Amino acid sequence: MTFESGLTFFIAIFLFGITPGPGILALLARGMSQGGNACVPMAVGMSLSDVCYMLAAVFGLSALATHWGEVFVVIRILGAAYLLYLGYKLWTSSPTLEEADVPRLRGNWWKGFLQGFLISASNPKVILFYIAFLPTFMDITRLSGSDIVIAAGLNLSALLLGVVPVGYLAGRVRRYLRSAKAVKRLNRSAGGLMIGAGGYLALRG
């Protein structure tokens, strides 16, 4: 991989990462309800899941998307159901003001990471994107081990650089909340985004 192809690859992955989809919608909802810091584990999970898909494409595992379609359907439905549940909880949550003026969803770092990982993993079309996308920038048949490591590092860095700021920008909305009515409006906005993300996953083929 040359410097030019690596830079182009980085920019393309960055743009791919911030393209609106279920992951970005869920990230926005989490940032609006819990703040920017809570988005970091979800963003890491989403990004690592994408890197796994990229590595699967590099090693010629496109059969995952073709022959194991039923498994991916189950994963997609479970992921959609989880997002719909989280959206419902946000929509119906009580508008109580806490120390930071916003209600927080209970959970730890690993829960956020797993949620982000599953949201991205529930979309098998990502591996098809990488299968079609990677040959534009590199000869997969001639990649060395170091080339694969570099590509994975560029992929992860570009995705994190794109999606983490999205969460922090959503989190800034929280600073303007000073009433229970405003918090309720935020809860419903975040819940609506989460439900939209779940519906997107459930309805897409």
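Data block above holds the structure.
Residues numbered from 1 in each chain as written. Predicted model: local features only at pLDDT ≥ 70, side-chain atom pairs only at ≥ 80, totals over all residues. Heavy atoms only, no water.

1. Considerations on the environment of Asn-155
Definition in use: Under the DSSP-based scheme used, a helix requires at least four consecutive residues in state H or I and a strand at least two consecutive residues in state E, with every element numbered from the N terminus. Here, two residues are considered to be in contact whenever any of their heavy atoms come within 4.5 Å of each other.
Residue position: Asn-155 is located in helix α8 (residues 145–172). Residues Asn-155 and Met-54, 101 residues apart in the sequence, show an inter-C-alpha distance of 8.4 Å. Discounting chain neighbours no more than four positions away, the residues touching Asn-155 are Phe-9, Ile-13, Asp-50, Val-51, Met-54 and Tyr-130.

2. As for helix α3 (residues 39–58)
An α-helix turns once every 3.6 residues. As a result, residues three or four positions apart point the same way. Rules: In a helix, the anticipated span is given by 1.5 Å times the number of residues less one. Buried means the residue's accessible area, taken with a 1.4 Å probe over protein chains only, is under 20% of the maximum for its type, while exposed means over 50%, and partly exposed covers the values in between.
With 20 residues, α3 ought to run about 28 Å at 1.5 Å a step, and its terminal C-alpha atoms sit 29 Å apart, in line with that. Counting buried positions over the 20 residues of α3 gives 16, a clear majority of the element.

3. Describing the environment of Val-166
Position of Val-166 relative to the elements: it lies in helix α8. The spatial distance from the C-alpha of Val-166 to the C-alpha of Ile-24 is 7.7 Å, given a sequence separation of 142 residues. Aside from chain neighbours lying at most four places away, what touches Val-166 is Ile-24, Leu-27 and Leu-28.

4. Digging into the nonpolar core
Selection criterion: The set of buried Ala, Val, Leu, Ile, Met, Phe, Trp, Tyr and Cys residues whose side-chain atoms join them within 4.5 Å is what this entry labels a nonpolar core.
Judged by nonpolar contacts, the single largest core of 20 residues is most densely connected at Phe-9, Ile-13, Met-54, Val-58, Tyr-130, Leu-134 and Met-138. Counting residues per element, the ones that place at least two in this core are α1 (3–17), α3, α7 (125–133) and α8. Counting residues per element, this core draws most heavily on α3, at six residues.

5. With respect to a nonpolar patch on the surface
Put simply, the rule is: Candidates for patches are residues over 30% relative accessible area with no salt bridge; among them, like charges are joined within 9 Å and nonpolar side chains (Val, Leu, Ile, Met, Phe, Trp, Tyr) within 5 Å. Areas reported as accessible are Shrake-Rupley estimates using a 1.4 Å probe. Residue values count occlusion only from the protein chains shown. By definition here, a salt bridge exists when the distance from a side-chain nitrogen of Lys or Arg to a carboxyl oxygen of Asp or Glu is within 4 Å.
Residues Phe-3, Leu-7, Ile-11, Leu-15 and Ile-18 make up a contiguous nonpolar surface patch of about 490 Å² in total accessible area. Within the secondary structure, Leu-7 is located in helix α1.

6. Concerning the packing of helix α2 (residues 22–34) against α3
Condition: To define axes, lines are fitted to C-alpha atoms, for helices over the stretch in contact only, and angles between the resulting N-to-C directions are given on a 0 to 180 degree scale. Orientation labels follow simple angle bins: below 35 degrees gives roughly parallel, above 145 gives roughly antiparallel, 65 to 115 gives roughly perpendicular, and whatever is left gives oblique. Working rule for handedness: look at the near helix, and if it is turned counterclockwise from the far one by less than a right angle, call the crossing left-handed; if clockwise, right-handed. Any residue that is not Ala, Val, Leu, Ile, Met, Phe, Trp, Tyr, Cys, Pro, Asp, Glu, Lys or Arg is counted as polar, Gly included; the first ten are nonpolar and the last four charged.
Direction vectors running N to C along α2 and α3 enclose 165°, while the axes themselves pass 9 Å from each other. Relative to α3, α2 is oriented roughly antiparallel. Both α2 and α3 take part in a crossing whose hand is right-handed. Across the interface between the two elements, Gly-23, Ile-24, Ala-26, Leu-27, Arg-30 and Gly-31 from α2 touch Cys-39, Met-42, Ala-43 and Met-46 from α3. Considered class by class, the residues forming the contact of α2 with α3 number seven nonpolar, two polar and one charged.

7. Considering the packing of aromatic side chains
Spelled out, the test is: Stacked, edge-to-face and tilted are the three classes for Phe, Tyr and Trp ring pairs, Trp counted by its six-membered ring, which pair at centre distances within 6.5 Å; planes under 30 degrees apart are stacked, over 60 edge-to-face, the rest tilted.
With the rule as written, the count across this model stands at four aromatic pairs. Centroid distance Trp-109 to Trp-110: 5.3 Å. Interplanar angle 75°. Geometry classified as edge-to-face.

8. Structural notes on α1
Our working definition: By arc we mean the arc of the directions from the helix axis to the C-beta atoms, nothing more.
End to end, α1 covers 21 Å across 15 residues, agreeing with the expected 21 Å (1.5 Å per residue, within 8%). Those residues of α1 that sit buried are Ser-5, Gly-6, Phe-9, Ile-13 and Gly-17. Looking straight down α1, one finds that the buried residues subtend no more than 100° of arc, so they occupy a single side. Exposed and facing more than 90 degrees away from the buried side of α1 are Phe-3 and Glu-4.

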